[in-house]
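Breakdown of the fold
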Amino acid sequence: MLRYAASRLILVIPTVLGMVTIAFFTLRALPGDPAIAILGEFATEQALQDLRVALGLDQPLWVQFGRFVRGLVAGDLGRSAITRQPAMREVMSVLPPSLMLAGCSVLIAILAGLPIGMVSALRQGSWVDYLLMVVTISGISFPVFWIGLIMIVLFAHTIKLFPAVGAGSPGDLLSQAHAMVLPAIVLAAGGTAYIARLTRSAMLEILRQDYMLVAKAMGIRERRILWYGLRNALPPILGVIGVTFAVAIGNAILVEVVFSRPGLGSLIIKATFSRDYQLLQAGLLVLSISVVLVNLVLDLLYPLVDPRVRR
Amino acid sequence: MTTSATADAAPSPSLWIRLRRTPYLRHRGLMTGVVLTVLFVLVALLGPLLAPHDPLTTNLRNALAPPGADYLLGTDRFGRDVFSRLLFGARASLLVALSVGAISLTCGVIIGTAAGFAGGWTDRILLGLINILLAFPGFLLALAFVAVRGSSLGNVIAAVAIAYTPRVAIVMRAVVMTIRPRQFIEASYAIGVPTLRIVWKHVLPNSLPPVIVVATVSAAFAVLAEAGLSFLGLGVQPPAPTWGNVITEGRPFLVSHPWISLSAGASIAAAVTGLNLLGDGVRDTLDPFLRNQTSTNIFK
């Protein structure tokens, strides 16, 4: 058990290092000069040169990389080219609402996806199964921002249930929760469908097993048998929650734009259009590393649902 | 014996009858997927011929016209025909889907085969790289790439292909690893067949089906990702039409003139649903375990 946890923890280090390397070199391989991007076309050569020295752009790439990694270890990802604030601080200030949104949507996806998949598997081939599978294939196939726009028209304009934009007034938890409902549901659509389909196929596999037939023959009540079945379906389901979270983080950018919510999505878009690569890089890294950490936590939870890992 | 003898004596059945005996035509999802995908491809190829209007011609006096006989899906804020814009926009989506599918299939198969067949350090390094790329949220990686490289269709394709190639590679590696220890591979080695020839003749044909399914799904994701990037203004730049930027153009008029965004979104939804159903259906019909699923379901 401890060895398992340790091996998982150690695996995180090369992954994060690899991600940092890829993020650094992808964003450094940019065409054009960041100094010109910051100061504009009409800056004097002297000013450009000064800024390059200040940003360390005059150094060889590997020196820049070393400096970047050293800064990263200390939690310093450079300064935003536009606001001149530390990029890390800017990112951290908008991280909580984004993580909250993605977290809520994954929770909804689990709570809705599990029962949908169970019902589908138990009623395999019936019209209920058919209908649920049509709904879930839509959940995977429809663009999340389009679902968001439709939900806004339906539940914010036609029926005035939820606010169409914003994240509620600051300090007012109730209004924040109220504003979170619609975006979280929209963001959960894909995950719900994904988990429902996986639960269905996992349950169908389990229902065919001999031990289920034995349990039935022994006269164990159906509800109890179902509970055994669900417990056996949990490991593969836990396995995809990490993927669901990663997809939710990516899609959160789109949902935040649709609902005009503050968050990392809006920050990344802003950074993109103002060519603020430091900020973009910080946003990409912080979000990606948070996905790795969530996956680590899920890995550590694995022994709870799969006794084989416990040994 | 007698039944097989009579079957041999009978005239060989027509292609249609033979096709109907396969599991493919009976699979409703697969058939829906095939129809939607064929429709998607046809619309993209024939779109310019079918389009009743030029997708770029503006006519401000006829802006935001409702759907009617002349403008099937109405016009947008500049008076451009939405229906024609969608027909032309299909090309970008199809191009992205095909390119990403083909690139992720080719690169994924090569990387996956190399990792699975070589084993040892080659495998460890490649698997490490695959896992690092998989750890990035796909859409976020694509967005960062396009943000730095600039928004063009080529960059969108490259970005999404980078994000989805590892998915194909990891499946390919897993399949190759199940084939490698089999006896016919060992036998080929024993009679001195070169490794590349073994891969080409024995490993690839036996491992392609599941990988093609993953590539189909990555093509579906590619359509969604392209639409998402276009929606954010990072895809093909207006006025050139894509399904994603038609949704963006319709966004301010969502409540008053919903047909613009609705029809564009429905086009994306139909194309992606088609590709997903195609992938699912092929997987279902190819997998003998799923196909012959006997109903020992104790709850029925």
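Starting afresh in each chain, residues are numbered from 1 along the sequence in its written order. Labels are handed out in written order, letters beginning with A for the chains and numbers beginning with 1 for the ligands. Restriction of local features to residues with pLDDT of at least 70 applies here, the model being predicted, together with a cutoff of 80 or more for giving and counting side-chain atom pairs; totals for whole chains, interfaces and linings are based on all residues. Side-chain numbers come from the whole structure's heavy atoms, not from hydrogens or water.

Another point: the overall build of chain A. Summing up its helical and strand segments, chain A has 13 helices and zero strands in all. Along chain A, helices (α) and strands (β) appear in the sequence α-α-α-α-α-α-α-α-α-α-α-α-α when read from the amino end. Over its C-alpha atoms, taken along the principal directions, chain A stretches across nearly 85 × 55 × 35 Å. Exposure is judged per residue with a 1.4 Å probe applied to protein chains only, and the accessible area is read against the type maximum: over 50% gives exposed, under 20% gives buried, and values in between give partly exposed. Of all 311 residues assigned to chain A, the portion counted as buried reaches 45%. Sequence separation of at least 24 residues holds for 71% of the intrachain contacts in chain A that already meet a minimum separation of 6. As presented, chain A carries roughly 15,500 Å² of accessible surface, and 68% of it is formed by carbon and sulfur atoms. Secondary structure counts use DSSP, requiring at least four H or I residues in a row for a helix and at least two E residues in a row for a strand, with both numbered from the N terminus. Here, residues are in contact when the closest pair of their heavy atoms is within 4.5 Å. All accessible-area figures derive from a Shrake-Rupley calculation using a 1.4 Å probe, and residue coverage is judged against the displayed protein chains alone.

Formed by 111 residues in total, the largest nonpolar core has its most connected members in Leu143, Val160, Phe231, Leu232, Ile247 and Ile268 of chain B. The element that contributes the greatest number of residues to this core is helix α12 (residues 277-305) of chain A, accounting for twelve residues. Taken together, domain 1 (11-74) and domain 2 (99-273) of chain A each give at least three residues to this core, which thus spans both. Setting aside chain neighbours within four positions, we find Leu143 of chain B in contact with Ile253, Ile268, Ile269 and Thr272 of chain A together with Leu229, Leu232 and Leu234 of chain B. What makes a nonpolar core is a set of buried Ala, Val, Leu, Ile, Met, Phe, Trp, Tyr and Cys residues whose side-chain atoms join them at distances within 4.5 Å. Within the second largest apolar cluster, 19 residues are counted, among which are Ala202, Met203, Ile206 and Leu207 of chain A. Residue ranges labeled as domains rest on an automatic or database domain assignment.

Note that patches include only residues with greater than 30% relative accessible area and no salt bridge, and the join distances are 9 Å for like charges and 5 Å for nonpolar side chains (Val, Leu, Ile, Met, Phe, Trp, Tyr). Just to be clear on terms, a salt bridge is a Lys or Arg side-chain nitrogen sitting within 4 Å of an Asp or Glu carboxyl oxygen. A grouping of Val34, Val38, Val41, Leu42, Leu45, Leu46, Leu49 and Leu50 of chain B is seen on the molecular surface, where their side chains present a nonpolar patch of about 690 Å² in accessible area. Position of Leu50 of chain B relative to the elements: it lies in helix α3 (residues 28-50).

Once the domains are mapped, chain A shows domain 1 (11-74) and domain 2 (99-273). For domain 1 of chain A versus domain 2 of chain A, the distance between C-alpha centres works out to 39 Å.

On to helix α5 (residues 120-135) of chain B, then. Here the expected length of a helix is defined as 1.5 Å per residue gap, with one fewer gap than residues. For α5 of chain B, built from 16 residues, the straight-helix expectation of 22 Å at 1.5 Å per residue is met to within 8% by its first-to-last C-alpha distance of 22 Å. All of the buried residues in α5 of chain B are Asp123, Leu126, Ile130, Ile132 and Ala135 of chain B.

Our next topic: the pattern of salt bridges. All names here are of chain B. According to the stated counting rule, one finds nine salt bridges over all chains in the structure shown. The salt bridge involving Arg80 is made with Glu249; its shortest N-O contact spans 3.5 Å. Note that Arg80 is positioned in the loop between α3 and α4 (82-118) and Glu249 in helix α10 (residues 243-250), a separation of 169 residues in sequence. Residue Arg80 is classed as buried on the basis of its relative accessible area of 4%. Close ionic contact of Asp280 with Arg283 constitutes a salt bridge, the shortest N to O distance being 3.6 Å. Residue Asp280 and its partner Arg283 are both found in helix α11 (residues 259-286); the two are separated by three residues, about one turn of the helix. You can call Arg283 partly exposed: its relative accessible area is 40%.

Interfaces are often sized by the accessible area lost when the parts come together. On the chain B side, the residues contacting the 53 residues of chain A number 45 residues. Two parts lose some accessible area (1.4 Å probe) when they are put together, and adding that loss for both gives the buried area. For the chain A and chain B pair, buried surface summed over both sides reaches about 4,500 Å², with 74% attributable to carbon and sulfur atoms. Of all residues in chain A, Phe145, Trp146 and Arg208 of chain A give up the largest surface area on contact with chain B, accounting jointly for 13% of the area buried on that side. Scanning the region where chain A abuts chain B turns up one salt bridge. Here Arg197 of chain A makes a salt bridge to Asp280 of chain B, at a shortest N to O gap of 2.1 Å. With ten residues, the top contributor of residues to the side of chain A that touches chain B is helix α10 (residues 222-258) of chain A. Only Asp, Glu, Lys and Arg are considered charged, only Ala, Val, Leu, Ile, Met, Phe, Trp, Tyr, Cys and Pro nonpolar, and every remaining residue, Gly among them, polar. Here the residues of the side of chain A that touches chain B are counted per class, giving 40 nonpolar, nine polar and four charged.

So, on to unusual backbone geometry. Residues and elements named next belong to chain A. Its identity is not glycine, yet Ser260 carries a phi of approximately 45°, on the positive side. With respect to the element layout, Ser260 can be found in the loop between α10 and α11 (264-273). The partly exposed category is assigned to Ser260, whose relative accessible area is 42%.

This next bit is on a positive patch on the surface. On the surface, Arg221, Arg223, Arg224 and Arg231 of chain A cluster together into a positively charged patch. Along the chain, the position of Arg223 of chain A falls in helix α10. In this count, Lys and Arg are taken as positive residues and Asp and Glu as negative ones, while His and the chain termini are left out. Here the site of a charge means atom NZ of a Lys, CZ of an Arg, CG of an Asp or CD of a Glu.

Residues and elements named next belong to chain B. Within the secondary structure layout, Pro52 lies in the loop between α3 and α4. When the C-alpha positions of Pro52 and Asp81 are compared, they lie 8.4 Å apart, and in sequence the two are 29 residues distant. Apart from residues lying up to four places away in sequence, Pro52 is in contact with Asp81, Phe83, Ser84 and Leu87.

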